[in-house]
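# Tertiary structure, described
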Amino acid sequence: MASPTLISLDAMGGDHGPSVVVGGVKDYLARHDGDGVRFLLHGDEAAIRAELTRCGLTDAVCDVRHTDKVVAMDEKPAQAMRRGKGSSLWNAIEAVKTGEAKAAVSAGNTGALMAISKLLLRMAAPGLERPAIVASWPTARGYTAVLDVGANIGSDAKQLIEFAIMGEAFQAAVHGVAKPTVGLLNVGSEDMKGHDEVREAHAILREGGIPLNYHGFVEGDDIAKGTVDVIVTDGFTGNIALKTAEGTARFISGLLKEALTSGPIAKLGALIAMPALKRMAAKIDPNAINGGPLLGLNGIVVKSHGGATPRGYGNAIRIAVDLARSDYMAKVGANLGRLAALDQPAPVAKTIGETHQ
């Protein structure tokens, strides 16, 4: 019998701690195929077991590892690295480092999670300063992976290509796209547009030394269209794009609610349109797409939103399981190796006289 896929959970992270984490485990098991998946929960054992009892979960599904230490949501990353050893967040990541668990999930402090993950797991590529955060962006065609959305403020050409490699493997593993198309976010589609780093990355990807299904440059409006399956940008631009989209979605939702409750006829129309409105709301619900992996680590770590519901946390678990059961790490490693080979200078040919000296 194959060994189970063990997922390590920071049970104390986030705004609600064990109630959402354990509820997320129950949601995952109810909505997805939980066969062969077990969970390792780190934190206050009494609080965790109370939630396990409430949710009807047993030791057959969950192991509990007690610790009194918790990394606070407002704790600075440097403090978390110095004082966080033995905390629920630290222990959840360490289980991945030792090989006991295949992946870790936390809704805790993002900066601390990133710093501790990098400290314990190290980076998969020497040039990466910190992990890239990927967002699953709802589009007209499904979901597009957008990265980086906030971890690396500035990125050179090599880092952008690394993001492309990681994003392509993520999209295949989590969203089931057989050969994802990849685009570089730019201010125009012409070759001469954009800054030096974007144009350099574009030239290397276009030459085909790395086996990606490269589309070329894409613009901001291509994100919602779903023009490509993976959109690559630096964290500064990606974070602004993400926050702009979130704000726009809230603004439109507010306008729609106001319009549909403005009078008796409008309310009747809303009642008739309710099934369609619910489908639309489900498509853009943050909990439906919750779970942003920290790509670029020598291990799988997924960040859940701190205020996620049990359903949202269950989705973050699903992403962790999908990545753990895929060839994501091997595929990324192979393509990063190809990228490293492109950086090697060509051997200098010797003259006839030199070969006979």
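Residues numbered from 1 in each chain as written. Predicted model: local features only at pLDDT ≥ 70, side-chain atom pairs only at ≥ 80, totals over all residues. Heavy atoms only, no water.

Our next topic: the packing of helix α6 (residues 157-175) against helix α12 (residues 310-324). In the contact formed by α6 and α12, the axes pass within 8 Å of each other and the chain directions differ by 110 degrees. Classed by the angle they form, the pair α6 and α12 counts as roughly perpendicular. Together, Phe 170, Ala 173 and Val 174 of α6 and Arg 318, Ile 319, Asp 322 and Leu 323 of α12 make up the contact between the two elements. Class assignment for the residues of the contact of α6 with α12 results in five nonpolar, no polar and two charged. (Axes fitted to C-alpha atoms, helices over the stretch in contact; angles between N-to-C directions. Helix = DSSP H or I, 4+ residues; strand = E, 2+ residues; numbered from the N terminus. Parallel < 35°, antiparallel > 145°, perpendicular 65-115°, else oblique. Contact = heavy atoms within 4.5 Å. Nonpolar A, V, L, I, M, F, W, Y, C, P; charged D, E, K, R; others polar.)

In this section: the pattern of salt bridges. The tally for this structure, following the rule as stated, stands at 12 salt bridges. One salt bridge in this structure joins Arg 199 and Asp 196, with 2.6 Å as the shortest N-O distance. Pair noted here: Arg 199 and Asp 196 are both in helix α7 (residues 196-207), with a separation of three residues, about one helical turn. For Arg 199, a relative accessible area of 31% corresponds to the partly exposed category. Each of Glu 45, Arg 49 and Asp 59 takes part in one network of salt bridges that share partners. (Salt bridge = Lys/Arg side-chain N within 4 Å of Asp/Glu carboxyl O. Buried < 20%, exposed > 50% of the residue type's maximum accessible area, 1.4 Å probe, protein only.)

As a further point, take the sheet that holds strand β4 (residues 103-106). Paired through their backbone hydrogen bonds, the strands of a sheet run either parallel or antiparallel. The strand order across the open sheet built from 11 strands is β3-β2-β1-β4-β11-β10-β5-β6-β9-β7-β8, with neighbouring strands paired in mixed fashion. The open sheet has two edge strands, β3 (62-66) and β8 (213-218), and neither has a second partner. Looking at each pair of strands side by side, their axes are set apart by 25 degrees on average, direction ignored. As paired strands, strand β7 (residues 181-185) and β8 are joined by five bridges and run parallel to one another. Directly across from Leu 184, in β8, lies its bridge partner Phe 217. Sitting on the sheet, helix α5 (residues 110-121) touches β4, β5 (132-139), β10 (292-295) and β11 (301-303), and the angle it makes with β11 is about 175 degrees. (Pairing = 2+ DSSP bridges.)

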